[in-house]
Amino acid sequence: MPHATRRAALRATLRETGLDALLVTNLLNVRYLTGFTGSNGAVLVAAESDDRSVFCTDGRYTEQSAQQVPDLERVIDRPCDVVLARWAVKDGAGRVGFESGHVTVDGLDLLVEAVGGGELVRAPGVVEGLRVVKDDAEVEALRMACAAADRALAGLIEHGGLRVGRTEKEIARELENRMLDHGAAGPSFDSIVAAGAHSAVPHHRPTDAVVRAGDFVKLDFGALVDGYHSDMTRTLVVGQAADWQRDLYELVAAAQAAGRAVLAPGTPIAEVDRASREVIEEAGYGAQFPHGLGHGVGLEIHEAPALSKAGAGTLLPGMAVTVEPGVYLAGKGGVRIEDTLVVRQGAPELLTLTTKELVVV
Ligand code: ZN
Ligand code: ZN
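Definitions and cut-offs
- Along every chain, residues carry numbers that run from 1 in the direction the sequence is written.
- Lettering for chains starts from A, numbering for ligands starts from 1, and both go in the order in which the items are written.
- Only residues with pLDDT of 70 or above have their local features reported here, since the model is predicted, and side-chain atom pairs are shown and tallied only from 80 upward, although totals for entire chains, interfaces and linings are computed over all residues.
- Based on all heavy atoms of the structure, the side-chain values leave hydrogens and waters out of the count.
- Where a domain begins and ends is set by an automatic assignment or by a domain database.
- Pairs of residues are marked as contacts when any of their non-hydrogen atoms sit within 4.5 Å.
- Put simply, buried area is the surface a 1.4 Å probe can reach on two separate parts but cannot reach once they are joined, added for both.
- Here a salt bridge means any side-chain nitrogen of Lys or Arg lying within 4 Å of a carboxyl oxygen belonging to Asp or Glu.
- Pairing of N or O atoms within 3.5 Å defines a polar contact, subject to two protein rules: one partner must be a possible hydrogen donor and the other a possible acceptor, and residues neighboring in sequence count only if both atoms are side-chain atoms.
- Put simply, DSSP marks the helices as runs of H or I at least four residues long and the strands as runs of E at least two long, and each gets a number from the N terminus on.
- Residue polarity is assigned by list, with Asp, Glu, Lys and Arg as charged and Ala, Val, Leu, Ile, Met, Phe, Trp, Tyr, Cys and Pro as nonpolar; anything else, Gly included, falls into the polar class.
- For Na, K and Ca the donor cutoff is 3.2 Å, while for all other metals N, O and S atoms count as donors only within 2.8 Å; water does not appear among the atoms, so some sites may look incomplete.

Colleague: It is not clear to me how the domain arrangement of the protein should be interpreted in this structure. Could you clarify?
Modeller: It is common to give the size of an interface as the accessible area lost on bringing the parts into contact. We note that the domain assignment places domain 1 (3-131) and domain 2 (136-350) within the protein. Its C-alpha centre places domain 1 at a distance of 36 Å from the equivalent point of domain 2. Counting residues at the interface gives five residues for domain 1 and eight residues for domain 2. Buried area between domain 1 and domain 2, both sides added, is near 600 Å², and the carbon and sulfur share of it is 48%. Of all residues in domain 1, Leu 28, Arg 31 and Arg 131 bury the most surface against domain 2, accounting for 68% of the area lost on that side. For the interface between domain 1 and domain 2, the tally reads two salt bridges. For the salt bridge of Glu 300 with Arg 131, the shortest nitrogen-to-oxygen distance reads 2.9 Å. Counting every contact that joins domain 1 to domain 2 gives three residue pairs in polar contact (both at pLDDT 80 or more). Counting residues per element, the side of domain 1 that touches domain 2 draws most heavily on helix 2 (residues 27-34), at three residues. Class assignment of the residues belonging to the side of domain 1 that touches domain 2 gives a composition of two nonpolar, no polar and three charged.

Below is the structure:
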């Protein structure tokens, strides 16, 4: 059971930091640690033993939680944070950590009251710290999410979905429907479909603008599978590619390859950004690459680690990240190429398998 293994890793961290228990209220972290997918729940993870950990949800989820969280003591009550904080103190916990980044000012007052004489300790980002390295179950979900996106794009191209006269919105809708057909629970974020000059807007939202002959069409999209997000960008040309489009595409493809080439355990995170950015800067387009190189993906579409100039730390095996340089020429067009990959000993595992050769349809 991956959830029990994850809780064991968390308990080891708690013992190192001198906490008797951690009150986990961020629903994504609750899901990560227990498998629970409902809209209200919390878990108290005891440092000493999983037998003393407790899961809480409300009456709507009695049956669902019995199925999804069979291996923990469960209480049905609300509000779960207060219920579990009281539980911790009653169970003898002296130092109770809480996810201070996910508590409101008003909520904090209630927690302080609930622990009474016990000590409430700010413990931000503890579970997020574990989540940066993906286990096998997580990588498998990411693989399926990336495969759904690959298949959706292949189907879109094969069936003539990218053609002159079609609107960005129509293309986005078809792409999203195709991901559903391939097993996605939904898109992993609002799809970006950007035609012509719109492709120079990094996070353009699809409009009623139509694709014209010779346009770049930039597609940035992903699928959601088992709560895990895929993320891929491809930029294609509809009709015939002009020389400037081929040149720009080649430049971004080279920068993307340079970023992937240094994606290995032990590489400083800032170095990954630098390796890719350098290619674009040397070509004179540094100012036209206005965002970080990539980001972690998992239960959130954007999570740690951020691959940017300011990124701290080094890459670890099992991190799932994107590499997505772009060059955007305002009023003209832009190219971004993005993959989702898993850092491995040796070469990274590429999860988004769609070709990175320039596709002209
Ligand atoms: Zn993306
Ligand atoms: Zn991304």
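Colleague: Help me understand the coordination of the zinc ion (ligand 2) in this model?
Modeller: Bound to the zinc ion (ligand 2) are the protein donor atoms Asp 231 (OD), His 295 (NE2), Glu 324 (OE) and Glu 338 (OE), situated 2.1 to 2.2 Å from the metal. All donors to the zinc ion (ligand 2) come from one chain, and their sequence spacing reads D-x63-H-x28-E-x13-E.

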